[in-house]
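What the coordinates show
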Amino acid sequence: MFDILIVDDEQLARETIKYLLTQCDGIGRVFEANNGKSALQIAKQYQPKIVMLDIEMPNINGIEVAKRLPDDISIIFITAFSHFEEPMSTVKCTGYLLKPFKDAEFYQCFEKARAIQSKLSQQVT
Amino acid sequence: MKSLIQASIPNKFFMICAALFWFAVHTIYAHLQFRAFEESEKTQGWLISWYELSPWFTTYIFLTIALYTLTKIIEGKDRFVGQRIVLHFLAMVILLVAYWIISTAIFFTITSRDFTTFHSFIYTMLSGTIQLDLLIYLGLLSLCLSLCFHDKRIQEKLDFKNLQTALLDEQLKTLRTQLNPHFLFNALNTAVSLIRLKRDDEAVQALAELSSMLRKILEHKNDAGSKVKEEIAFIKNYLCIQQMRFSDKLDVNISVAENCLELEIPNMLLHPLVENAVQHGSQLESNRNLVDLSVSREGNQLLVKLTNKVAENDQHKGFGIGVSNTRDRLAKLYKDYRLDLCTNREGFFETTLAIPISVANV
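Thresholds, definitions, all that
- Residues numbered from 1 in each chain as written.
- Chains lettered and ligands numbered in written order.
- Predicted model: local features only at pLDDT ≥ 70, side-chain atom pairs only at ≥ 80, totals over all residues.
- Helix = DSSP H or I, 4+ residues; strand = E, 2+ residues; numbered from the N terminus.
- Buried ≥ 20, exposed ≤ 12 C-beta atoms within 10 Å, placed from the backbone.
- Contact = placed C-beta atoms within 7 Å.
- Nonpolar A, V, L, I, M, F, W, Y, C, P; charged D, E, K, R; others polar.
- Axes fitted to C-alpha atoms, helices over the stretch in contact; angles between N-to-C directions.
- Parallel < 35°, antiparallel > 145°, perpendicular 65-115°, else oblique.
- Left-handed = near helix turned anticlockwise from the far one by under 90°.
- Core = buried A, V, L, I, M, F, W, Y, C linked by C-beta atoms within 7 Å.
- pLDDT = per-residue confidence, 0-100.
- Pairing = 2+ DSSP bridges.
- Expected span 1.5 Å × (residues − 1).
- Bend = angle between axes of the 7 residues up to and from the residue.

So, on to the overall build of chain B. Each helix and strand counted, chain B has 10 helices and seven strands in total. Counting over 362 residues, chain B shows a buried share of 23%. Taking the contacts inside chain B whose residues are at least 6 apart along the sequence as the reference set, 72% of them involve residues at least 24 apart.

Our next topic: the overall build of chain A. The secondary structure content of chain A amounts to five helices and five strands. Listing every helix and strand of chain A by position from the N terminus yields β-α-β-α-β-α-β-α-β-α. For chain A, the proportion of its 125 residues judged to be buried stands at 42%. Relative to all contacts within chain A whose residues are 6 or more apart in sequence, the contacts with residues 24 or more apart total 57%.

Listed per partner, the contact involves 16 residues of chain A and 22 residues of chain B. Here the residues of the side of chain A that touches chain B are counted per class, giving seven nonpolar, five polar and four charged.

Here the focus is the packing of helix 6 (residues 181–196) of chain B against helix 7 (residues 200–219) of chain B. Think of two packed helices as two axes; the pair is described by the angle between the axes and how far apart they sit. All names here are of chain B. Relative orientation of the contacting elements helix 6 and helix 7 amounts to 160°, with a least axis distance of 8 Å. As judged from the angle between their axes, helix 6 and helix 7 are roughly antiparallel. In terms of crossing hand, the pair formed by helix 6 and helix 7 is left-handed. Residues Ala 187, Thr 190, Ala 191, Leu 194 and Ile 195 of helix 6 form the contact with helix 7, whose participating residues are Asp 200, Glu 202, Ala 203, Ala 206, Leu 207 and Leu 210. Across the contact of helix 6 with helix 7, the residue classes tally to eight nonpolar, one polar and two charged.

Val 7, Val 51, Met 52, Leu 53, Ile 75 and Ile 76 of chain A together with Val 274 of chain B are the most contacted members of the largest nonpolar core, which has 64 residues in total. The dominant element in this core, judged by the number of residues it contributes, is helix 8 (residues 228–245) of chain B, at seven residues. Excluding residues that lie within four positions of it along the chain, Ile 76 of chain A makes contacts with Ile 50, Met 52, Leu 53, Cys 93, Thr 94, Gly 95, Tyr 96, Leu 97, Cys 109, Phe 110 and Ala 113 of chain A.

The share of residues in chain B with pLDDT of 70 or more is 90%, and the mean pLDDT across the chain is 86. Scored as a whole, the predicted complex attains pTM 0.62, and scored at its interfaces, ipTM 0.85.

All names here are of chain B. Only one face of strand 5 (residues 301–308) is buried, namely the one carrying Leu 302, Val 304, Leu 306 and Asn 308, since none of Gln 301, Leu 303, Lys 305 and Thr 307 on the opposite face is buried. As paired strands, strand 4 (residues 289–298) and strand 5 are joined by seven bridges and run antiparallel to one another. Paired with Glu 298 across the bridge in strand 5 is Gln 301. In this structure, the hairpin formed by strand 4 and strand 5 is closed by a connection of two residues, where Gly 299 is found at a positive phi of approximately 65°. Here strand 5 pairs with strand 7 (residues 349–356) via eight bridges, running antiparallel. Residue pairing across strands places Thr 307 opposite Glu 350, the latter belonging to strand 7.

This part is about the sheet that holds strand 5 of chain B. Residues and elements named next belong to chain B. Spatially, five strands are ordered 2-4-5-7-6 in an open sheet, and the strand pairing comes out mixed. Lying at the two open borders of the sheet, with one neighbouring strand each, are strand 2 (250–256) and strand 6 (338–343). On average, each strand axis in the sheet is inclined to that of its neighbour by 10°, with strand direction left out of account. Judged from the seven bridges that link them, strand 2 and strand 4 form a sheet pairing that is parallel. When the sheet's bridge partners are listed, Ser 255 is paired in strand 4 with Ser 294. Seen against the sheet, helix 8 touches strand 2 and strand 4 and runs at an angle of roughly 170° to strand 2.

Put simply, chain A has an average pLDDT of 88, and 94% of its residues get 70 or more. The element-level mean pLDDT for chain A is lowest in helix 4 (residues 85–89) of chain A, coming to 68, with strand 3 (residues 50–53) of chain A highest at 94.

All names here are of chain A. The five strands lie next to each other as 2-1-3-4-5, forming an open sheet whose pairing is parallel. Each edge of the open sheet is held by one strand with a lone partner, namely strand 2 (27–33) and strand 5 (95–98). Taken over all neighbouring pairs, the strand axes of this sheet differ in orientation by 15° on average, direction set aside. Note that strand 3 and strand 4 (residues 74–79) share four bridges and pair parallel. If you follow Leu 53 over to strand 4, its bridge partner there is Phe 77.

Residue and element names in this part refer to chain B. In contact at an axis separation of 8 Å, helix 2 (residues 12–39) and helix 3 (residues 46–76) are set at 150° when each is read in the N-to-C sense. On the basis of their axis angle, the class for helix 2 and helix 3 is roughly antiparallel. Handedness of the helix 2/helix 3 crossing: right-handed. Each residue belonging to the contact of helix 2 with helix 3 can be placed in one class, and the counts come to 18 nonpolar, six polar and no charged.

Moving on to helix 3 of chain B. Since the α-helix advances by 3.6 residues per turn, residues separated by three or four positions end up pointing in the same direction. An ideal rise of 1.5 Å per residue puts 45 Å on 31 residues; helix 3 of chain B measures up with 44 Å between its terminal C-alpha atoms. Along helix 3 of chain B, the largest kink reaches about 50° and is centred on Ser 54 of chain B; proline Pro 55 of chain B follows within four residues of it.

Let us look at helix 1 (residues 11–22) of chain A. Between its terminal C-alpha atoms helix 1 of chain A stretches 17 Å, which fits the 16 Å expected from 12 residues at 1.5 Å a residue. Every buried residue belonging to helix 1 of chain A is among Leu 12, Ala 13, Arg 14, Thr 16 and Ile 17 of chain A, and all of these are buried. Buried residues along helix 1 of chain A sit against strand 1 (2–7), strand 2 and strand 3 of chain A together with helix 6 and helix 8 of chain B.

Next comes the structure, spelled out in structure tokens:
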């Protein structure tokens, strides 16, 4: 079971990701943040394993949030801005989705992150 | 001048063709002369005939290339017909005189003749061949002129194509300034999200609002004006989609005075200002952003007032490209206008636009 954090300033986008996650097995708690600052606080407090991260956000943008998150967290960027591809490459991330994306793309990315986390948890035990 | 000459020199293909042509003519002419010598029982070998004729024909290769270059220079600029005729005549005199002197000099050198007879030789030669040389020159000139006109036509076609591409780029640029591509992707994502969440009615509404916006942009002529009510309808379409995205953050209040609805203003003048207000508002962490838009008439001026909340640490520093484009447009359209963007005493961001009501509306 993996806890997940959804970070997006758009309520509808958060609801959609939450809905897509309900179709997956093995999901733990799902947290939500509508800005970078809250995302960092939640990440520190609840230590989710997978973060679905928007880039254009109030306060601290997604790239900055990703830089400040622990290395063992799998990050999936979800953005409508293709010009972020270059800055995204400077941050360690499992994948990125360009809005609007297909369900299959979302699940493919998510499964990749989950596989990484399973491997990491096996190493720890 | 150097670059003009460089640009006018024919390409390698032309040079090779000219060389092969004159080589063939040279060979045929040498053969004919050899046969004539045979009939008149003069003893001169075929190769010697070919060799002795080579100065005249080899020099023709260079004369052809020089003539093409000069023709292109003369025809390259817009000149009066009279000017062009004079220049072509001068070119003919210079090129033919040079041709006669150079080929005779080469002939004298390769046959080891005495140069003291140079003048008399040229005189004798010219009395026999001047008409033929003139005819050949005029033939070459016609060929070079047709090639120049052909090149010019191809260049014109290419220029037209480039112009069309530039025009398309400009249209795309205009489209982008009118509708932010990021907004378009976000709007489509909103519709996709609503469909996923099975909120079909809202999805239909989002797509209908987006369609109205695209219709106005794609079907409206750029240079035509637009009525205030049409501009407001477009803004309402835009804000409706944004409210679907940020339902927890965005409140909208629009009031337009009745006597302003039919007034004509430049197309898509107000939208960038509203977009700017929404973008600044999206930086708010938790507070609801109230975008308040009012349009009224004060005397002979149309007054647009827009207020919105703004975050203390707003990441959208300065004003977006939309606002600077609007300012540029206003400067081009009106002598007397006002566009102020500032934070008022209550901490709200305030945009004020005042433009004269056009004569068409009076």
